[in-house]
Amino acid sequence: MKTIDVIGIGNALVDQEFEVTDGFLQKHNLKKGMMELIDEDAQNTLIAELSELGELKKQCGGGSAANSLVAFAQFGGNAYYCCKVADDEAGMFYRQDLEQVGIETSLKNQQNPGITGRCLVMVTPDAERTMRTHLGITADLSTTEIDDHAIAAANYLYIEGYLITSDIARGAIQHAKKVARENDTKLVMTCSDPAMVKFFRDGIDEILDGGVDLMFCNREEAELLTGKEDPQAALSVLLDKADTVAITLGKDGAIIANKERQVHIPGVPVKAIDTNGAGDMFAGAMLYGLTQGMSLENAGRLASHAAAELVTEFGARLDKARQQQLIERVMNAETA
């Protein structure tokens with residue numbers, strides 16, 4: 001009996017957002033648009049530099065899969081998250097953040113010494129986000145934090161690509177996949193970031209080994225995975241690895257396909273100020289649509305509109321009221 005719509009496994013990070021210039025990125029040798037892992041000392045040094053620029057724009061619970069599940073839950077889905085935080089102030093903040101949106105987690109029985117992970121998100125005037133992350137204790141996510149019973153009870157298992165930077169977490173992924181396949185739980189993966197494909201390709205291939213039911217990636221990730229510059233050509237290759245593939249194309253929308261059909265989802269014209277979390281929102285919204293029995297077109301349209309709404313403000317999440325208004329607006333337009 002399936003009682004959970006989607007269970008996710010991923011990093012647990014507290015996101016802190018700052019506005020910066022391209023000059024700041026160049027001065028500190030930060031490659032624009034990429035996520036890189038740094039140690040605690042390097043992160044503290046960068047925080048000091050960022051603090052001189054002005055106030056923190058936004059702080060919230062983060063992690064790619066967590067952002068997707070928050071979006072999913074706020075649309076009305078039933079979600080569960082397997083993750084790891086420390087018994088510190090940031091860890092308490094993170095627990096409460098997920099509880100407030102109704103997501104059950106594997107954190108309830110955890111008492112971990114250490115430091116909760118943190119991600120510094122630097123947003124330039126063109127809305128691009130550059131991230132520097134100290135994983136802290138989330139780097140040690142293991143099978144201990146994986147809830148086998150919850151995976152068995154779920155319709156979908158959602159796997160975050162960022163986890164592949166940790167050998168321990170890669171083992172946890174393999175364990176979760178095994179449990180999912182034994183219990184007819186569909187496998188979903190997101191590449192999370194081009195850097196994961198570029199520098200940790202073996203880990204991406206491990207997740208895709210044996211195939212997945214649904215795969216999310218953006219244009220750059222698709223190109224790196226397949227060697228094909230054209231998204232259409234990349235799609236043909238990726239359909240050998242996943243039953244359904246969604247490639248996001250930024251302002252140009254997305255293409256979604258399975259073995260039988262393909263749909264193009266138009267982009268939604270907006271003035272973007274922060275693209276952080278757009279892919280996560282797209283995935284969360286599309287998963288919600290699919291769990292509600294929507295067609296690929298309708299689920300994709302909801303996802304495209306949700307991602308477009310998100311990039312018009314700072315932060316990787318929308319409030320619940322705006323998401324509810326969004327789903328009503330998109331579905332009403334579809335039936336008009």
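If you check an unreviewed UniProt entry, the chain appears there as Sugar kinase from Idiomarina zobellii. Under the heading Sequence similarities (unreviewed entry), UniProt records this for the chain: "Belongs to the carbohydrate kinase PfkB family."

(A) Geometry of helix α8 (residues 201–208). Buried within α8 are the following residues: Gly203, Ile204, Ile207 and Leu208. The buried residues of α8 all sit within an arc of 140° when viewed along its axis, so they share a single face. Of the surrounding elements, those touching the buried residues of α8 are β9 (154–160), α6 (167–182), β10 (186–190), α7 (194–199), β11 (212–218) and α9 (219–226). Backbone geometry just after α8 places Gly210 at a positive phi near 85°.

(B) The arrangement of the packing of helix α3 (residues 64–75) against helix α11 (residues 278–291) in detail. Close contact between α3 and α11 brings their axes to 7 Å; oriented N to C, the two are set at 45°. Relative to α11, the element α3 is oriented oblique. Classified by chirality, the crossing of α11 by α3 is right-handed. Between α3, through Ser64, Asn67, Ser68, Ala71, Phe72 and Phe75, and α11, the contact on the second element is made entirely by Asp280, Met281, Ala283, Gly284, Ala285, Leu287, Tyr288 and Thr291. Here the residues of the contact of α3 with α11 are counted per class, giving eight nonpolar, five polar and one charged.

(C) Layout of the nonpolar core. Counting residues in hydrophobic clusters, the biggest one holds 55 residues, and the most contacted among them are Ile9, Leu157, Met189, Met215 and Ile247. Looking at which element gives the most residues to this core, the answer is α6, with six residues. Those residues in contact with Met215 that sit more than four places away from it in its chain are Met189, Cys191, Leu208, Leu225, Leu238, Ala242, Thr244, Val245 and Ala246. Residues Leu107, Ala307, Leu326 and Ile327 belong to the second largest nonpolar core, which totals 48 residues.

(D) Geometry of the pairing of β10. Here β10 lies mainly inside the structure; four of its five residues are buried. Two strands pair when backbone bridges link them, and β9 and β10 are joined in this way by five bridges, in the parallel orientation. Looking at β10, one finds that Ile159 is bridged to Met189. When β10 meets β11, the two strands line up parallel, connected through three bridges. Its bridge partner being in β11, Thr190 is matched across the sheet by Phe216.

(E) Local environment of α9. Taken residue by residue, α9 has Glu221, Ala222, Leu225 and Thr226 as its buried positions. Along the axis of α9, the buried residues cluster in a sector spanning 115°; they form a single face. In this structure, the buried residues of α9 make contact with α7, α8, β11, α10 (231–238) and β12 (242–248). One or two positions beyond α9, positive phi appears at Gly227, with a value near 75°.

(F) Region of interest: the pattern of salt bridges. Tallied over the entire structure, the rule returns 20 salt bridges. Between Asp97 and Arg317 there is a salt bridge; the shortest N-O distance is 2.3 Å. Note that Asp97 is positioned in helix α4 (residues 89–100) and Arg317 in the loop between α12 (296–310) and α13 (320–335), a separation of 220 residues in sequence. Arg317 carries the same exposure label as Asp97, and that label is buried. Here Glu182 and Lys178 are joined by a salt bridge, their closest N and O atoms 2.6 Å apart. A residue pair is termed a helical-turn pair when its members lie 3 or 4 positions apart in one helix, as Glu182 and Lys178 do in helix α6 at four residues. The exposed category is assigned to Glu182, whose relative accessible area is 52%. Through salt bridges with shared partners, one network takes in Lys58, Glu309, Glu313, Arg322 and Arg329.

(G) Representation of unusual backbone geometry. Of note, Asn29 is a non-glycine position whose phi angle comes to about 55°, a positive value. Within the secondary structure, Asn29 is located in the loop between α1 (22–27) and β3 (35–37). Given the relative accessible area of 71%, Asn29 is considered exposed. In the Ramachandran plot, Asp184 falls in the positive-phi region, its phi being about 55° despite a non-glycine side chain.

(H) Representation of the packing of aromatic side chains within the structure. All chains considered together, the criterion is met by three aromatic pairs. Considering the side-chain rings of Phe75 and Tyr288, the 5.5 Å spacing of their centres and the 25° angle between planes classify their relative orientation as stacked. Of this pair, Phe75 sits in helix α3 while Tyr288 is found in helix α11, placing the two residues 213 residues apart along the sequence. Across the pair, exposure class does not vary: Phe75 and Tyr288 are buried alike.

Rules behind the numbers
- Residues numbered from 1 in each chain as written.
- Predicted model: local features only at pLDDT ≥ 70, side-chain atom pairs only at ≥ 80, totals over all residues.
- Heavy atoms only, no water.
- UniProt positions renumbered as here; feature names shortened; annotations may be inferred.
- Buried < 20%, exposed > 50% of the residue type's maximum accessible area, 1.4 Å probe, protein only.
- Helix = DSSP H or I, 4+ residues; strand = E, 2+ residues; numbered from the N terminus.
- Arc of directions from axis to C-beta.
- Contact = heavy atoms within 4.5 Å.
- Axes fitted to C-alpha atoms, helices over the stretch in contact; angles between N-to-C directions.
- Parallel < 35°, antiparallel > 145°, perpendicular 65-115°, else oblique.
- Left-handed = near helix turned anticlockwise from the far one by under 90°.
- Nonpolar A, V, L, I, M, F, W, Y, C, P; charged D, E, K, R; others polar.
- Core = buried A, V, L, I, M, F, W, Y, C linked by side-chain atoms within 4.5 Å.
- Pairing = 2+ DSSP bridges.
- Salt bridge = Lys/Arg side-chain N within 4 Å of Asp/Glu carboxyl O.
- Phe/Tyr/Trp six-rings, centres within 6.5 Å; stacked < 30°, edge-to-face > 60°.

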